[in-house]
Amino acid sequence: EAGVAQSPRYKIIEKRQSVAFWCNPISGHATLYWYQQILGQGPKLLIQFQNNGVVDDSQLPKDRFSAERLKGVDSTLKIQPAKLEDSAVYLCASSFGGGRNTEAFFGQGTRLTVV
Amino acid sequence: DAKTTQPTSMDCAEGRAANLPCNHSTISGNEYVYWYRQIHSQGPQYIIHGLKNNETNEMASLIITEDRKSSTLILPHATLRDTAVYYCIVRASFSGNTPLVFGKGTRLSVIA
């Protein structure tokens, strides 16, 4: 089966610019997560969707970050304006959800460098 | 915050068993122990999970102590491709969509 697809793989932007990341989860997976991974640390949850609704966005810096999952499939994560400390790998993951205890599958991530 | 404690790094000789420990002394009765690994420049990859019984699959074995306060992931014959950061995570079992909370993990280096 196809895995979680993310694009772009790499992005370099200047501070105060905007950027968007795209994620296509595994077909049929209702739950979608966005994680931020700063160099040397474990991934940190930014936002979780169940279908097209937000389940948890408590750690999303809402003054500059936004995310949507229209139609409950693909998702985009946007940063506007970017800061130097946003340099990180942004990981998308999906799982079947729906009450089954099942693993999450991760994409390869988008490496963002803010200069 | 992560509810697990792992050593920062470990080395293992190629072909030998790699035993990665994890402490989770505050684990609740409905929480599973999950293991993921992250190879350089890739996303985390699921390895195995368990509740209280020992588990084995094609990748690894998971040994959970009787009091469930610690566990060990065993890679029976480590290869160079097993070099990665290994994350031990406790996760509630009542819903399949509970997010994973990562700590810093253990960096395993398999040496030829």
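That block above? That's the structure.
Residues numbered from 1 in each chain as written. Chains lettered and ligands numbered in written order. Predicted model: local features only at pLDDT ≥ 70, side-chain atom pairs only at ≥ 80, totals over all residues. Heavy atoms only, no water.

Caption draft 1: Main features of the overall build of chain B. The secondary structure content of chain B amounts to zero helices and nine strands. The globule rule puts the C-alpha radius of gyration for 112 residues at 13 Å, and the 13 Å found for chain B is close to it. Going through the 112 residues of chain B one by one, you find that 47% of them count as buried. Within chain B, contacts between residues separated by at least 24 positions form 57% of all contacts whose residues are at least 6 apart in sequence. (Helix = DSSP H or I, 4+ residues; strand = E, 2+ residues; numbered from the N terminus. Rg over C-alpha atoms; globule rule 2.2 N^0.38 Å. Buried < 20%, exposed > 50% of the residue type's maximum accessible area, 1.4 Å probe, protein only. Contact = heavy atoms within 4.5 Å.)

Caption draft 2: Summary view of the pairing of strand β3 (residues 31-38) of chain B. All names here are of chain B. Judged by how many residues are buried, β3 sits mostly within the fold: eight of eight residues are covered. Across eight bridges, β3 lies against strand β8 (residues 84-92) in antiparallel orientation. The residue of β8 that forms the bridge with Tyr-36 is Tyr-87. As paired elements, β3 and strand β4 (residues 45-50) share five bridges and run antiparallel to each other. Within β4, the position partnered with Tyr-34 by the bridge is His-49. (Pairing = 2+ DSSP bridges.)

Caption draft 3: A look at unusual backbone geometry. Residues and elements named next belong to chain A. Residue Pro-8 follows Ser-7 across a cis peptide bond; omega there is -5 degrees. Mapped onto the elements of the fold, Pro-8 is located in the loop between β1 (5-7) and β2 (10-13). The residue after Gln-80, namely Pro-81, is reached through a cis peptide bond having omega -5 degrees. Among the structural elements, Pro-81 can be located in the loop between β8 (75-79) and β9 (88-95). Of note, Arg-16 is a non-glycine position whose phi angle comes to about 80 degrees, a positive value. Inspection of the secondary structure puts Arg-16 in the loop between β2 and β3 (19-24). Phi is positive for Asn-51, which is not a glycine, with a value near 55 degrees.

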